[in-house]
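Topology and contacts: notes
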Amino acid sequence: MIKRLCGLLWVFSVSGVSAQSQTALPEHIVSGREELTRQRQAVMAVHEQQARDCWQKFAVNACLSDARKVRRQALEPIRQEELRLNVDERQWRTEQREIRLEGKQTDVRSPP
């Protein structure tokens, strides 16, 4: 079962997953994603406050535009780090798959 959190983060629950695929992700990936989620939530909270403050000004649209620009600039390093974690996770999953396949190949080649 897949659950969506914070707009971009996907969390996988293992209730309907086979025992082989229940291998836990490396700690640096899990902790990195948690930290990025906290950072993203902080940026979004600041943006929401700035947007609320904009409604008290005369030039609402210009203020909102500036607030969105600041939000995008603050989220860009978070997005880059998220992309790096995605690469690490894909590499780790590929390694795990190769390990499983090597185990299956030795089972097939062994005499009955």
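Residues numbered from 1 in each chain as written. Predicted model: local features only at pLDDT ≥ 70, side-chain atom pairs only at ≥ 80, totals over all residues. Heavy atoms only, no water.

The helix and strand inventory of the protein chain stands at 2 helices and 2 strands. When its helices and strands are written in sequence order, the protein chain yields β-β-α-α. The proportion of buried residues among the 112 residues of the protein chain is 21%. Excluding contacts between residues fewer than 6 apart, the proportion of contacts in the protein chain whose partners are at least 24 apart in sequence is 63%. Here the protein chain displays about 8,700 Å² of accessible surface, and carbon together with sulfur accounts for 57% of that area. (Helix = DSSP H or I, 4+ residues; strand = E, 2+ residues; numbered from the N terminus. Buried < 20%, exposed > 50% of the residue type's maximum accessible area, 1.4 Å probe, protein only. Contact = heavy atoms within 4.5 Å. Areas by Shrake-Rupley, 256 points an atom, 1.4 Å probe, with all protein chains shown as cover.)

Attention now moves to the side chain of E89. When you line up the elements, E89 lands in helix α2 (residues 60-109). In contact with E89, not counting residues within four places along its chain, are L25, I29 and R33.

This brings us to helix α1 (residues 27-54). Its 28 residues give α1 an end-to-end C-alpha distance of 40 Å, which sits within 8% of 40 Å, the value for a rise of 1.5 Å per residue. All of the buried residues in α1 are I29, G32, R33, L36, T37, R40, V43, H47, A51 and C54. (Expected span 1.5 Å × (residues − 1).)

On to the confidence of the model for the protein chain. Per-residue confidence for the protein chain gives a mean pLDDT of 82, with 74% of residues at or over 70. Mean pLDDT in the protein chain bottoms out at strand β2 (residues 9-12), which sits at 46, and peaks at α1, which reaches 95. pLDDT under 50 marks residues 4-22. Its contacts with residues more than four places away, or in other chains, come to 23 contacts. (pLDDT = per-residue confidence, 0-100.)

According to the stated counting rule, one finds 1 disulfide in the structure shown. Note on cysteine connectivity: C54 is disulfide-linked to C63, with sulfurs 2.0 Å apart. Measuring handedness by torsion sign, the sulfur bridge of C54 and C63 sits at about -70° and is left-handed. You can call C54 buried: its relative accessible area is 1%. (Disulfide = S-S within 2.5 Å.)

It is worth spelling out the nonpolar core at this point. Among soluble globular proteins, nonpolar side chains are generally buried collectively. Among the nonpolar cores identified, the biggest contains 6 residues, and these are I29, L36, V43, L75, I78 and L85. Residue assignment for this core shows that the elements contributing at least two residues are α1 and α2. Sequence-distant contacts of I78, that is, excluding residues within four places in its chain, are made with L36, Q39, R40 and V43. Within the second largest apolar cluster, 5 residues are counted, among which are A51, C54, C63 and L64. (Core = buried A, V, L, I, M, F, W, Y, C linked by side-chain atoms within 4.5 Å.)

Here we take up the environment of V43. Here V43 shows up in helix α1. By relative accessible area, which is 17% here, V43 ends up buried. Taking C-alpha positions, V43 is 9.9 Å from I78, a pair spaced 35 residues apart along the chain. Discounting chain neighbours no more than four positions away, the residues touching V43 are R71, A74, L75 and I78.

This part takes up the side chain of H47. You can see H47 is positioned in helix α1. Classification of H47 by relative accessible area gives buried; the value is 11%. When near neighbours in sequence (up to four residues on either side) are disregarded, H47 contacts A67, R68 and R71.

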